[in-house]
Amino acid sequence: MAIDPYSPCPGGKDKKVKFCCPDLLGELEKIQRMVEGEQHHACLDYIAQLEQKFPDRACLLTTKAILQG
């Protein structure tokens, strides 16, 4: 399922995805599909790869923390 670009960003900055992380929209959709498919380990590995390319992005850090919790 596609992420609505006008939904709140998972990073919790009170911004919409379109205005906070538009460059990560495709990656956030892939992460969502992995979570829905219960592929948590693969999802964490993918987030780790993305963190190297996009360091300190709140949406990635928040999603990672939720999966590790």
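The sections below set out a description of the structure shown in this document. Not measured: the values here are computed from a predicted model.

### Thoughts on the side chain of Glu 51
Item 1. One can find Glu 51 in helix α3 (residues 40–53).
Item 2. Apart from the residues lying within four places of it in its own chain, the contact partners of Glu 51 are Leu 60, Leu 61 and Lys 64.

### Looking at the environment of Gly 11
Item 1. By secondary structure assignment, the location of Gly 11 is in the segment before α1 (17–20).
Item 2. For Gly 11, a relative accessible area of 17% translates into the label buried.
Item 3. Sequence separation between Gly 11 and Glu 36 is 25 residues; the distance between their C-alpha atoms is 19 Å.
Item 4. Those residues in contact with Gly 11 that lie beyond four places of it in its chain are Ala 58, Cys 59 and Thr 62.

### Focus on the pattern of salt bridges
Item 1. Evaluated as defined, the whole model comprises two salt bridges.
Item 2. Among the ionic pairs, Asp 23 bridges to Arg 57, the shortest N-O distance being 2.9 Å. One end of the pair, Asp 23, is in the loop between α1 and α2 (25–36); the other, Arg 57, is in the loop between α3 and α4 (58–68), and 34 residues separate them in sequence.
Item 3. Residue Asp 23 is classed as partly exposed on the basis of its relative accessible area, which comes to 41%.
Item 4. Across the salt bridge formed by Glu 51 and Lys 64, the nearest N and O atoms sit 3.2 Å from each other. Here the residue Glu 51 occupies a position in helix α3, and Lys 64 occupies one in helix α4, the gap between them amounting to 13 residues.
Item 5. Since its relative accessible area comes to 27%, Lys 64 is described here as partly exposed.

About the thresholds
- Residues numbered from 1 in each chain as written.
- Predicted model: local features only at pLDDT ≥ 70, side-chain atom pairs only at ≥ 80, totals over all residues.
- Heavy atoms only, no water.
- Helix = DSSP H or I, 4+ residues; strand = E, 2+ residues; numbered from the N terminus.
- Contact = heavy atoms within 4.5 Å.
- Buried < 20%, exposed > 50% of the residue type's maximum accessible area, 1.4 Å probe, protein only.
- Salt bridge = Lys/Arg side-chain N within 4 Å of Asp/Glu carboxyl O.

Taken by themselves, the reported measurements are silent on function.
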